[in-house]
Amino acid sequence: MPSIKFIPSKVRTRVIVSVLIALALILSATHGFSQGREKSETIEASSMGTGTQLGQMFGITVNIYDYSTPEERQVLMQAFQKGKNQGLVNALSKMRTVGHISITGTLGYDLSYIRMFPTPTGRKIRFVTNRPITFAEAWTDSNSQSYNLTGGEFDINDSDKSKSTGVLYPLAQLAIDKQGQLQIDLNQNAWTLVDILDWKGTPGVN
C-alpha cells in the first residue's frame, strides 16, 4: 500500500486542507449542540444522620431538569384522595422524569416531582419520587417496603449560601393535608442536609 510520502504535494495539501475543514465543521456542530442544550441545576449536600443515625454522613447530588407543574401537583392530590400512599406511588410512576438523585458513588434514581417556592431569602425546593426496593428488603419481606417513597427539601438562601439548609427523607410514606401540603410519615429519622452547593441551570427552566 503506497505511503503518503509518494502522493504528489498538491494532492497531499488538498487532502490535509479537506481533513482540517471537516474537523472544524464537526467541532463547530458539537459546540453549537452543547450550547443549545438546557443545563440542569445541580445541588450537592452532605447528609447528616439524626436520632439513631447520629454520627453517620454521606453526600447526595440532586440534578433538576425541570420543575413540576401545578397540574401535576393536582394529579398527585387526586391520586392520594383515591388511593392514599399507594395511589401516590402509582401516580408518580407514570409521571415524567424531572430530575435525578444519587448518593455519592452510586447511580441513584430518577425524580418524578420537584416544586420550587420563592422565600424571603431565596427559594425552597421540594421533591418526591418512588424509592427502589432493595433485594434485602424484598427477600426478608421487610416492613420498610411500605415506606416506598423518598422525599426532601432544600431551603436555598441566595443572599448567604452558608445559611442554606435542607432535609432528606430516605424512606417515607406521604399524605396530603386539607391545605394540599405533603405530610411525611417516616420509617427512620430524617437526615439533615448541610454544606449545600447550588449550581443554577438554564434560566426560566430550572
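Scroll up to find the structure this text is about.
Calculation rules
Residues numbered from 1 in each chain as written. Predicted model: local features only at pLDDT ≥ 70, side-chain atom pairs only at ≥ 80, totals over all residues. Heavy atoms only, no water. Helix = DSSP H or I, 4+ residues; strand = E, 2+ residues; numbered from the N terminus. Buried < 20%, exposed > 50% of the residue type's maximum accessible area, 1.4 Å probe, protein only. Areas by Shrake-Rupley, 256 points an atom, 1.4 Å probe, with all protein chains shown as cover. Expected span 1.5 Å × (residues − 1). Bend = angle between axes of the 7 residues up to and from the residue. Core = buried A, V, L, I, M, F, W, Y, C linked by side-chain atoms within 4.5 Å. Contact = heavy atoms within 4.5 Å. Salt bridge = Lys/Arg side-chain N within 4 Å of Asp/Glu carboxyl O. 1 Å grid on protein atoms, 1.4 Å probe; cavity = no way out; pocket = protein on both sides within 12 Å on 5 of 7 lines; lining within 4 Å. Points joined across faces, edges and corners; volume = space filled by probe spheres on them. Nonpolar A, V, L, I, M, F, W, Y, C, P; charged D, E, K, R; others polar. Phe/Tyr/Trp six-rings, centres within 6.5 Å; stacked < 30°, edge-to-face > 60°.

### Here's the deal with the overall build of the chain
For the chain, the count of helices and strands is three helices and ten strands. Taking all 206 residues of the chain together, the buried fraction comes to 36%. Surface accessibility of the chain: about 12,600 Å² in total, with carbon and sulfur atoms responsible for 59%.

### Observations regarding helix α2 (residues 70-93)
Over its 24 residues, α2 extends only 18 Å from the first C-alpha to the last, a length that falls short of the 34 Å expected when each residue adds 1.5 Å. At G83, α2 shows its strongest bend, of approximately 135°. Taken as a whole, α2 has its buried residues at E72, L76, M77, A79, F80, N85, G87, L88, V89, A91 and L92.

### Digging into the nonpolar core
Counting 18 residues, the largest nonpolar core has I114, I125 and F154 as its most contacted members. Secondary structure elements with two or more residues in this core: β1 (41-48), β2 (57-64), β6 (122-130), β7 (149-157) and β10 (191-199). If we ignore the near neighbours within four places in the chain, the residues touching F154 are I43, A45, I60, V62, R123, K124, I125, F127, T165, G166, L193 and I196. The next biggest cluster of nonpolar side chains, apart from the first, holds 16 residues, and it includes L88, A91, Y113 and V167.

### Overview of the pattern of salt bridges
Close approach of charged atoms lets side chains of opposite charge pair. Considering all chains together, one arrives at eight salt bridges under this definition. For D66, the salt bridge is made with R96, and the minimal N-O distance between the two is 3.0 Å. Here D66 is found in the loop between β2 and α2, whereas its partner R96 is found in the loop between α2 and β3 (99-103), with 30 residues between them in sequence. On the accessibility criterion, R96 (34% relative accessible area) is partly exposed. Note that E153 and R126 form a salt bridge whose closest N and O atoms lie 2.6 Å from each other. Residue E153 is located in strand β7, and its partner R126 is located in strand β6; the two are separated by 27 residues in the primary sequence.

### Quick look at the layout of surface pockets
Size it by volume and the largest pocket reaches roughly 350 Å³. Around the largest pocket sit 18 residues that line it, and I103, Y109, R131, T150 and P170 are the ones nearest its centre. Breaking the lining of the largest pocket down by element, the ones donating at least two residues are β2, β3 and β8 (165-176). Considered class by class, the residues forming the lining of the largest pocket number ten nonpolar, six polar and two charged.

### A short note on the packing of aromatic side chains
When we look at a pair of aromatic rings, we describe it by the centre distance and by the angle of the planes. Within the structure shown, the criterion is met by two aromatic pairs. A ring pair is formed by F58 and W191, whose centres lie 4.8 Å apart and whose planes are at 55°; its orientation type is tilted. Of this pair, F58 sits in strand β2 while W191 is found in strand β10, placing the two residues 133 residues apart along the sequence. Plain terms: the ring middles of F127 and F154 are 6.0 Å apart, the flat faces sit at 35° to each other, and that makes the pair tilted. Of the two residues, F127 is situated in strand β6 and F154 in strand β7; the sequence distance between them amounts to 27 residues. Pair check on accessibility: F127 and F154 agree, each one buried.

### Description of unusual backbone geometry
Keep in mind that most residues, glycine aside, have a negative phi and that most peptide bonds are trans. The phi angle at K84 is positive, at roughly 55°, despite the residue not being glycine. With respect to the helices and strands, the residue K84 is situated in helix α2. According to the relative accessible area criterion, K84 is exposed, its value standing at 52%. At D195, a residue that is not glycine, the phi angle is positive and equals roughly 50°.

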